[in-house]
Amino acid sequence: MATAGKVIKCKAAVAWEAGKPLSIEEVEVAPPQAMEVRVKILFTALCHTDVYFWEAKGQTPVFPRILGHEAGGIVESVGEGVTELAPGDHVLPVFTGECKECAHCKSEESNMCDLLRINVDRGVMIGDGQSRFTINGKPIFHFVGTSTFSEYTVIHVGCLAKINPEAPLDKVCILSCGISTGLGATLNVAKPTKGSTVAIFGLGAVGLAAMEGARLSGASRIIGVDLNPAKYEQAKKFGCTDFVNPKNYSKPVQEVLAEMTNGGVDRAVECTGHIDAMISAFECVHDGWGVAVLVGVPHKDAVFKTYPINFLSERTLKGTFFGNYKPRTDLPNVVEMYMRKELELEKFITHSVPFSQINKAFDLMLSGQSLRCIMRMEE
Ligand code: NAD
Ligand code: ZN
């Protein structure tokens, strides 16, 4: 490769300060160092997490920064010690990694890698504490180790899943974060059996992905729960058979669900981030076998309160991070589920814009119009 070992100049969307529109700038991208890979991004999508850290309300402000973490790309060059990837490989960057050596990576049950677990405050590479992005020599910070709002980016090899090169990157790029999170919460953690009843709390992209997992599991009844009645129409495409709006009832929604289902649902997956929905999701599962899974990220001071008897009567409460998928080991298989036409990704992609219109993608998400908006790097 002619560019290997050299600085690449390319376009990136830089967030200079909190809440201000991103600006497309020419940035310098340094070559990958030990255990790093430089990736040419072809498609990137926008997720709420990008918006949260751009707004930086309550989060540590790290600016100027290149956001972005849902994407698909091709390896341009690799740094010293990288043996699993080579130029030309197709990859999905992931905000949380898999070093394959720590206790978590060696455990079959965990995906919370000690070395490469998500760190939202770090704006530099873990190898040398430096940024690989500069503008006129001045550093621009990274975001969750991925910074995909750039034509080229540098990523630790442990945060890249090598996928089938036949897979269309403009579709599978959305498996980098939210869709895998919801899907895995159902398939890997809630594990509903065929014919069961599943309640999904929160019908955003993550909840609809959890619903897709329920559909794939053969659930016969899928109850969507959301405060926004407009969410039902879209949810029907994902297999939603019943819709409950907690606002329409004077009693707690867990009681409404128990009445609808002869004692409770078999599985519940919470994808709202609101503590009252978390408690309802747990309390609406059937005694004896019901399992509830928490996915949403609550306010840091939120406290979960329930009666211990709810556990003693054999209900289970679990939580999950990135759908329990190990990024390098498991994501290639999720891509194959799409290739076999089991998993439907198209219905999540509501919009597509050229990269130069990235601020439009933010507007679409902020106004609640988009589930996923794909940005094309090549116009
Ligand atoms: P979203 O905002 O698009 O969707 C949330 C939905 O929940 C909305 O439709 C909203 O109307 C609904 N809602 C809010 N409060 C409710 C309540 N009390 N009862 C019922 N419905 C309610 O969000 P999203 O992008 O789909 O993400 C969902 C959650 O998943 C967020 O909290 C996000 O931070 C979290 N998340 C977790 C992980 C993880 O690894 N655990 C990864 C990604 C995202
Ligand atoms: Zn690890």
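Structure: above.
Computed from a predicted model, the values in this text were never measured in an experiment.

About the cut-offs
The residue numbers shown here count from 1 along each chain, following its written sequence. Numbering of ligands from 1 and lettering of chains from A proceed in the order in which they are written. Owing to the predicted nature of the model, reporting of local features is limited to residues with pLDDT of at least 70; listing and counting of side-chain atom pairs is limited to 80 or more, with chain, interface and lining totals taken over all residues. Note that water and hydrogens are dropped before the side-chain values are worked out from all heavy atoms of the structure. We call a residue near a molecule or strand when any one of its heavy atoms sits within 4 Å of it. Counting of polar contacts relies on pairs of N or O atoms within 3.5 Å, with two restrictions inside protein: one atom must be capable of donating a hydrogen and the other of accepting it, and residues adjacent in sequence are counted only when both atoms are side-chain atoms. Secondary structure follows DSSP: runs of H or I at least 4 residues long count as helices, runs of E at least 2 residues long count as strands, and numbering of each begins at the N terminus. Any residue outside Ala, Val, Leu, Ile, Met, Phe, Trp, Tyr, Cys, Pro, Asp, Glu, Lys and Arg is labelled polar, Gly included; the first ten of those are nonpolar and the last four are charged. Following DSSP output, two strands are said to pair if at least two bridges run between them. Here, axes are lines fitted to C-alpha atoms. For helices the fit covers the stretch in contact, and angles between N-to-C directions go from 0 to 180 degrees. Accessible area is worked out with a 1.4 Å probe on protein chains only. A residue is then buried under 20% of its type maximum, exposed over 50%, and partly exposed in between.

Caption draft 1: The site of ligand 1, seen in detail. Taken together, 24 residues form the shell around ligand 1, and within it His48, Val206, Asp226, Val295 and Phe322 come nearest. Separating a nitrogen atom of ligand 1 from a backbone N or O atom of Val295 is a distance of 2.8 Å. Only α5 (205-216) and α8 (275-283) provide two or more residues apiece to the shell around ligand 1. Across the shell around ligand 1, the residue classes break down as eleven nonpolar, ten polar and three charged.

Caption draft 2: Up close: the sheet that holds strand β15 (residues 316-319). Taken in spatial order, the six strands line up as β12-β11-β10-β13-β14-β15 in an open sheet, and their pairing is parallel. Taken across any chain shown, the strands that pair with only one partner, and hence form the sheet edges, are β12 (242-244) and β15. Pairs of neighbouring strands in the sheet enclose a mean axial angle of 20°, with direction left out of account. Bridge count for strand β13 (residues 267-270) against strand β14 (residues 291-294) is four bridges, and the pairing is parallel. Across the sheet, the residue bridging to Arg267 is Val291, located in β14.

Caption draft 3: Highlighting the environment of Lys247. Note on placement: Lys247 falls in the loop between β12 and α7 (253-260). On the accessibility criterion, Lys247 (60% relative accessible area) is exposed. Separated by 36 residues in the primary sequence, Lys247 and Glu283 have C-alpha atoms spaced 17 Å apart.

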